[in-house]
Amino acid sequence: MTRYDAIGYGYARSRREDPRIMRAILTALGDARSVLNVGAGAGSYEPTDRTVIAVEPSEVMASQRPPHRVPAVRATAGVLPLRDDSVDAAMSVLSIHHWEAEQLSGLVEMRRVARGPVVLLTYDATVSAEMWLMKHYLTEVAELDLEIFPTMGALRGQLGGTVSVEVIPVHRDTPDWNLGSFWAHPERVLDEAARNATSGFARQEPSVVERVVTDVERDLGDGSWHERHGQLRELDELDVGLRLVVAT
């Protein structure tokens with residue numbers, strides 16, 4: 001069983017495409033007509049005007065793909081079932097931190113099969129660790145992310161060629177409720193469905209989740225969260241570490 005067979009339920013409802021992020025991905029893909037999506041999940045951020053090959057190991061995630069998305073091939077990043085230079089571009093959206101022992105081999109595989117750009121949406125864990133949720137409440141995720149997310153320097157070295165890194169601000173009104181989006185919505189911590197659609201919460205022991213929910217609920221109730229972080233209510237977007245990495 002893959003991790004997302006256990007924690008992947010509800011992603012299609014809460015992790016919907018943000019059109020601003022989608023535009024950035026499409027720009028990075030350039031004129032690629034065939035695109036491999038690794039760790040494709042429910043299909044968010046896949047281009048609809050090109051040939052897409054989706055690779056997803058989790059049955060739970062693949063079953064949430066809507067009818068207009070291509071079915072996903074069951075495979076993992078480390079052994080992609082494609083020939084060398086067989087697609088114009090390869091992409092992966094908030095997936096590489098789950099590849100564990102296959103992280104390096106998966107990046108090498110993406111580079112092997114793609115004639116053109118390799119496009120990765122990921123997090124800079126040194127930045128996301130400073131967001132109020134990870135810094136003051138969910139410190140276990142901050143520590144874990146520093147272990148499982150490759151640094152921008154590591155990605156440059158592993159992908160080779162010319163690598164650019166673009167800051168992708170997370171907007172207050174984003175429909176993609178990844179954990180970074182909680183910066184603007186502390187109440188979301190109290191929503192079980194919202195928590196469970198993030199791997200950060202879903203990977204934690206129940207005792208950790210209970211502690212965080214209790215602490216955030218208390219601080220929202222007594223006003224101490226607003227006293228410390230209320231200035232965030234004035235912002236429309238924030239850099240919480242989301243990055244678009246493009247290797248050519």
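Preceding block: the structure.
None of the values given here were measured: they were computed from a predicted structure.

A. Just the sheet that holds strand 9 (residues 242–247), in detail. A sheet is described by the order of its strands in space; here 7 strands give the open sequence 3-2-1-4-5-9-6, paired in mixed fashion. A strand with exactly one partner marks an edge of an open sheet, and here the two such strands are strand 3 (72–73) and strand 6 (163–167). Inspection of the sheet shows strand 5 (residues 118–123) paired to strand 9 by 6 bridges, in the antiparallel sense. Paired with V119 across the two strands is V246, which belongs to strand 9. Across the face of the sheet, helix 5 (residues 103–113) comes into contact with strand 1 (34–38), strand 4 (89–93), strand 5 and strand 9 while running at roughly 155° to strand 5. Sitting on the sheet, helix 9 (residues 152–159) is in contact with strand 5, strand 6 and strand 9, with an inclination near 160° to strand 5.

B. Spatial organisation of the environment of A28. You can see A28 is positioned in helix 3 (residues 19–29). Residues A28 and A247, spaced 219 residues apart in sequence, show a C-alpha to C-alpha distance of 9.3 Å. Excluding residues that lie within four positions of it along the chain, A28 makes contacts with P117, V119, L244 and V246.

C. Structural context of the nonpolar core. Of all hydrophobic cores here, the largest spans 48 residues; its most connected members are W132, L133, V189, F201, V212 and L244. Among the elements that line this core, the one with the most residues is helix 3, at 6 residues. Residue contacts for V189: discarding those within four places in its chain leaves W132, L133, F182, R195, F201, V212, V213 and V216. In terms of nonpolar packing, the next biggest core, distinct from the first, is built from 23 residues, V38, V118, L159 and V245 among them.

D. Structural view of the packing of aromatic side chains. Counted by the stated rule, this structure contains 4 aromatic pairs. Pairing W132 with W225 gives two aromatic rings, centres 5.4 Å apart and planes at 80°, and the pair type is edge-to-face. A residue pair is termed long-range when its members are at least 10 positions apart, and W132 in helix 7 (residues 132–136) and W225 in helix 13 (residues 224–229) qualify at 93 residues. This pair shows no difference in class: W132 is buried, exactly as W225 is. Each ring, one from F182 and one from F201, has its centre 6.2 Å from the other, and the planes form 35°; the classification is tilted. With a gap of 19 residues between them, F182 in the loop between strand 7 (170–171) and helix 10 (192–196) and F201 in helix 11 (residues 199–202) connect regions that are remote in the sequence. In this pair, the class of F182 matches that of F201, namely buried. Among the aromatic residues, ring-to-ring pairing joins W132, Y137 and W225 into one connected group.

About the cut-offs
Residues numbered from 1 in each chain as written. Predicted model: local features only at pLDDT ≥ 70, side-chain atom pairs only at ≥ 80, totals over all residues. Heavy atoms only, no water. Pairing = 2+ DSSP bridges. Helix = DSSP H or I, 4+ residues; strand = E, 2+ residues; numbered from the N terminus. Contact = heavy atoms within 4.5 Å. Axes fitted to C-alpha atoms, helices over the stretch in contact; angles between N-to-C directions. Core = buried A, V, L, I, M, F, W, Y, C linked by side-chain atoms within 4.5 Å. Buried < 20%, exposed > 50% of the residue type's maximum accessible area, 1.4 Å probe, protein only. Phe/Tyr/Trp six-rings, centres within 6.5 Å; stacked < 30°, edge-to-face > 60°.

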